[in-house]
Amino acid sequence: MEKLVNILLRKQPNFHTISGSSTVRDALCQMNCENVDYLVVTDEADRFLGVISDHDITSQVMVAARPLEQTLVRDVMNNRLPHASTSDSLGGCMQLMQRHRARYIPVFEGLNFRGVVTSDDLVHELAYSGGEVLD
């Protein structure tokens, strides 16, 4: 039974993070430089607050014509994502994503943030495992 902890172990150990007090312009620049479509939002003590994605920026900033330089990451980040545990299965995570229409799932071990599993990670795992969803 494939566990989320195994996916996290295969991913880079570093998170692409940004402070909630940064501007959306800073977030876009960082996403572009690091070639990622989301950033983990943290507070001053490096605690997980949420995720900001290219979709969040497009739907909440660009469409609403809000100024990039004056809009803060914490005002548009997604902090209402469902979350999973490192011991949860790949199949359970897929069901959670589908049920909540989420592309990103923060993963915790107890109260400790361990990483983010994305829909791309799950597709990669399915391809790697030969298409078997292990529950």
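Definitions and limits used
- Residues numbered from 1 in each chain as written.
- Predicted model: local features only at pLDDT ≥ 70, side-chain atom pairs only at ≥ 80, totals over all residues.
- Heavy atoms only, no water.
- Helix = DSSP H or I, 4+ residues; strand = E, 2+ residues; numbered from the N terminus.
- Rg over C-alpha atoms; globule rule 2.2 N^0.38 Å.
- Buried < 20%, exposed > 50% of the residue type's maximum accessible area, 1.4 Å probe, protein only.
- Contact = heavy atoms within 4.5 Å.
- Areas by Shrake-Rupley, 256 points an atom, 1.4 Å probe, with all protein chains shown as cover.
- Phe/Tyr/Trp six-rings, centres within 6.5 Å; stacked < 30°, edge-to-face > 60°.
- Arc of directions from axis to C-beta.
- Axes fitted to C-alpha atoms, helices over the stretch in contact; angles between N-to-C directions.
- Parallel < 35°, antiparallel > 145°, perpendicular 65-115°, else oblique.
- Left-handed = near helix turned anticlockwise from the far one by under 90°.
- Nonpolar A, V, L, I, M, F, W, Y, C, P; charged D, E, K, R; others polar.

## Quick look at the overall build of the protein
Logical step 1: For the protein, the helix and strand inventory stands at six helices and six strands.
Logical step 2: A compact globule built from 135 residues would reach a C-alpha radius of gyration of about 14 Å, and the protein, at 15 Å, matches this within 12%.
Logical step 3: Relative to its 135 residues, the protein shows a buried fraction of 41%.
Logical step 4: For the protein, restricting intrachain contacts to residue pairs at least 6 apart in sequence, the fraction spanning at least 24 positions comes to 55%.
Logical step 5: Accessible surface, the protein: about 8,100 Å² in total, of which carbon and sulfur atoms supply 49%.

## What to know about the packing of aromatic side chains
Any two aromatic rings considered together are summarised by their centre-to-centre distance and by the angle between their planes.
Logical step 1: Tallying each qualifying case throughout the model produces five aromatic pairs.
Logical step 2: With a centroid separation of 5.5 Å and an interplanar angle of 85 degrees, the aromatic rings of Phe48 and Phe108 are classed as edge-to-face. Taken together, the positions of Phe48 in strand β3 (residues 48-53) and Phe108 in strand β5 (residues 104-109) put the pair 60 residues apart, joining distant regions of the chain.
Logical step 3: Arranged with centres 5.7 Å apart and planes meeting at 65 degrees, the rings of Phe108 and Phe113 form a pair that is edge-to-face. Taken individually, Phe108 and Phe113 each receive the classification buried, so the pair is uniform in this respect.
Logical step 4: Among the aromatic residues, those joined into a cluster by ring pairs are Phe15, Phe48, Phe108 and Phe113.

## Considerations on helix α6 (residues 119-128)
Logical step 1: The set of residues buried in α6 consists of Asp121, Leu122, Glu125 and Leu126. Looking straight down α6, one finds its buried side chains confined to an arc of 135 degrees; they lie on one side. Residues Asp120, Val123, His124, Ala127 and Tyr128 are exposed on α6 and point more than 90 degrees away from its buried face.
Logical step 2: Buried positions along α6 lie against α1 (4-10), α5 (90-100) and β6 (112-118).

## Looking at the packing of α5 against α6
Logical step 1: Their axes nearest at 11 Å, the elements α5 and α6 cross at an angle of 140 degrees. The angle between α5 and α6 falls in the class oblique. For α5 against α6, the interelement crossing comes out left-handed. Facing α5, whose interface residues are Leu90, Cys93, Met94 and Met97, α6 presents Ser119, Leu122, Glu125 and Leu126.
Logical step 2: Its residues assigned to classes, the contact of α5 with α6 shows six nonpolar, one polar and one charged.

## So, the packing of helix α2 (residues 24-34) against helix α3 (residues 54-62)
Logical step 1: Relative orientation of the contacting elements α2 and α3 amounts to 145 degrees, with a least axis distance of 11 Å. At the point where α2 passes α3, the crossing takes the left-handed sense. Between α2, through Val24, Leu28 and Met31, and α3, the contact on the second element is made entirely by Asp54, Ile57 and Val61.
Logical step 2: Residues of the contact of α2 with α3, tallied by class, amount to five nonpolar, no polar and one charged.

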